[in-house]
Amino acid sequence: MALISCCFDSGFELPELFDTFVQKCTDPGCCCGCCSALRPRYKRLVDNIFPVNPEDGLVKSNMEKLTFYSLSSPDKLDRIGEYLYQKASKDINRKRYRFVEIAMEAMDILLQACHAQTTLNLFVESFLRMVQKLLEDSNPTLQILATNSFVKFANINEDTPSYHRRYDFFISKFSSMCHGNNDNTELRDNIRLAGIKGLQGVIRKTVSDDLVENIWEKQHMEKIVPSLLFNMQFDVNVMFVKKNMSVSGDLTPVEDATQVTPPALAEEVLRELVGRASFGHIRSVLKPLLTHLDRHELWVPNTFAIHTFRIVMISIQPQYSYTVVETLMQHLDNNFKSSPKTRTSLAVVLSKIIAIAAGESVGPSALDIINNLLTHLKTSVGTTTEITPEESQYQEALINALGEFANHHPDYQKIEIMLFIMNTVPDLTKKSKGDQMLQNILLKSLLKVGTQYNTVSFEKAFPASFLQPLLKMARAPHDPTRIIVMKIFQALLDRHQNEKVLSMVSVKPYAALSQEPPSRSDIIFTHKYGANIMQALIDSLALSDKVDSLTSSYNTAALLLVEMACGETVQEFLLFILGIQQVAVIAEDLSDLHKCCLHAIAIALLTLAARVTGITNLLEYAQKIIEARKEDAGHFLPSIMEPNNKPSTTKFNLNLPHLSIDKIALAECLQNAGMDFNRLQSGVPYTLNQKDNPSHRHSWVESVSNQMTQRNSSTDLTTYNGDNDSISSSPGVAKKALAPEYTVDAMKRYLAEPSEAMKKEMQEKQKQIVRAFRESNFEELMKRTEPKHDVLQNRLNDLFSSLALDNKATQNVNNNNNQDKPIYETYFPELFYY
């Protein structure tokens, strides 16, 4: 072995001779050692980090010397970087990739050690040139190596801004790597992971620095966002990142994870990108996202679209979430000519994410979203003559979106939303098919919001501006419209989840009925608006004999009764029940089956009212009627409304007054229970087409004042009733209250043959008289049967005497006036002349 070696003994070819000569002449054993003195020191230090055998890797000791020299002389950093770039470029051209890896590793070490230097920008230029050089090569290993180096550079926070640095090439290259389609699955995933990491590095490096290139520009977002979505839409297997795939051996925290897949990493980068977007930049992310979904037809099925938009809504800053909903609605506008499936998928995506944005939208922004959804519903109804199943699914998706949006608003805003929707419903006078379809669709959306409302007080749930148009819709001639309105009432009335329990018309006790006494505000609301609601229910019951329509109206009335009935309001509900029965008796245009159903609903509501209020006498009276109907008139019971019972062709016997609910008997039941019955005695049952007056409230003051204005002295005398001061001649039996109505029909009914109920009542009274005479002692019988003629005669004498004095006084006044007045004033009193 020769003790002295020469640079020319290595057998290099001529092109490599001079290059290797400069490298090897630094060897102390070289005969050309005198040449090393002619080279700069930084070049000698750079040359020394490369081993003779490239498989040995970087010479660590010499690398430490180069690092110390770089920290001592920072002005040489740019020259060191340029020299490393030149050496790497030559090695790439000669396919000596191991030396290229060593040069890249040296650059990474220098970058990490000298990142605090003010002259780092000059070194970064050489660094990025080397990274670009490696990325331009077709070798996947070099591309992954360059990407890892770029990610390390991106994680460095620079103190000095860079005005001239551009990342166009890196965005394009990393995006193309995200779409790698190598036949080797593991290599393909590695390349895609490297591309996603590179895009993440570009985002981190550019978003935080306003002086560098604007990453939010259209040409950049159209590359970054589709690249991330392309990887997210594929469910690849878990890929294990091995250390031998990383040339540098210095793994980043992302690479340390044992399970990293392109979809998971792409989702993470998308979250970071959306989270860093400001209000002016969020649309730059959303537009290429929507374009990608359109071009690749990812709306049907919409699983990926829902997943992607949920990521966007969760990652975006909360105050900008409304922008996502607005952009998606605009995209829905642009696709109004698309297939119903596509529009349905868009609407479903909107319904899935709109709830997240609801919390940040208040006031006009909330109503703006509602208005847009209603506009889409109107457009869907107006552009189609017949609703197909696909179009119906699209409308249901929009309604669900509206409901989800309203669900995340406070209750007071839900009332505003419902009122806003109600104002958009077409007028009932428009009876065209399209208007009816639009009415149903808008009422369904109103119902969707109503189901999300948590009713506490009926006064707040039914403001006058909302209640009155809703009552008008309850009288709609179209059955589906009326049924939807009843469902809206049920949703707002049902505070104790009794709607399903009361869905069946029955006289039997409801097992799982939940009840709570009404509050004072609810009682006031019943006195103020209860008559209007009950009148609308009566009109609704009289419009159709279909079981579905009648059952929905009964359900509403039953809920109203359960929620509002108490001792103070029971008379209103009894008048309502009598009104239903009166419609069945008086209305001539109703079918026999319809009248039977109304009788059945009336007795069912009476039984429910008795159970809810706990009035035993009322319940016993209802049970007597039910038992009597079971024997003589089964068609007056709720069994006629069961779906299995088909209406027979024979006519029903409707002339059964003794099986009807008697108003006098109801008043007696209240009287015997110690409750007020004056309203029931003096009031008139609700009838068909009675005019609504929302400001009217039934009051005893009004009734008394009306009677006083229409009363004179003679009527006072004739209407005097001394029963209050007298007692019945029969001991232990209360005086029966007389009926307040003296019509021809009433008199005929009273003069007719006595009913079974009246016979039983007379028998009960006779038994009470017999029992009183048998059980009472002689003194009590004397006191009870003692005549009160003297008391009554004295009272009558007082009244007659007072009337006589009044007549004399008026005659004297008239005589005096006649003497002073002219003759024409005597013949024509003041009432007849102006």
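Residues numbered from 1 in each chain as written. Predicted model: local features only at pLDDT ≥ 70, side-chain atom pairs only at ≥ 80, totals over all residues. Heavy atoms only, no water.

- Within an unreviewed UniProt entry, the label attached to the protein chain reads Protein EFR3 homolog cmp44E isoform X1, and the organism entered is Glossina fuscipes.
- Turning to the protein chain, the UniProt record has this under Sequence similarities (unreviewed entry): "Belongs to the EFR3 family." (UniProt positions renumbered as here; feature names shortened; annotations may be inferred.)

## Side note on the packing of helix α12 (residues 262-276) against helix α14 (residues 303-315)
Helix-helix packing is described using two parameters, namely the angle between the two axes and the distance between the axes.
Here comes step 1: It is the contact of α12 with α14, at a shortest axis distance of 8 Å, that shows an interaxial angle of 45°. Comparing their axes, α14 and α12 come out oblique. You can see that α12 and α14 cross each other, and the crossing is right-handed. Across the interface between the two elements, E267, L270, R271, V274 and G275 of α12 pack against H307, T308, I311, V312, I314 and S315 of α14. (Axes fitted to C-alpha atoms, helices over the stretch in contact; angles between N-to-C directions. Helix = DSSP H or I, 4+ residues; strand = E, 2+ residues; numbered from the N terminus. Parallel < 35°, antiparallel > 145°, perpendicular 65-115°, else oblique. Left-handed = near helix turned anticlockwise from the far one by under 90°. Contact = heavy atoms within 4.5 Å.)

## Quick look at the pattern of salt bridges
Here comes step 1: Tallying each qualifying case throughout the model produces 23 salt bridges.
Here comes step 2: Between E391 and R343 there is a salt bridge; the shortest N-O distance is 3.2 Å. Here R343 lies in helix α16 (residues 340-358) and E391 lies in helix α18 (residues 389-407), a separation of 48 residues in the sequence.
Here comes step 3: Taking the shortest distance from any N to any O, the salt bridge between D479 and R482 comes out at 2.3 Å. Here R482 and D479 lie together in helix α23 (residues 479-493), a separation of three residues that amounts to about one turn. With respect to class, D479 is no different from R482; both count as buried.
Here comes step 4: Because the salt bridges share partners, they merge into one network encompassing R204, E272 and R276. (Salt bridge = Lys/Arg side-chain N within 4 Å of Asp/Glu carboxyl O. Buried < 20%, exposed > 50% of the residue type's maximum accessible area, 1.4 Å probe, protein only.)

## Quick notes on the environment of V274
Here comes step 1: Checked against the element boundaries, V274 lands in helix α12.
Here comes step 2: For V274, a relative accessible area of 1% corresponds to the buried category.
Here comes step 3: Along the backbone, V274 and V285 are eleven residues apart, and their C-alpha atoms lie at a distance of 7.3 Å.
Here comes step 4: The residues contacting V274, other than those within four sequence positions of it, are I282, V285, V312, S315 and I316.

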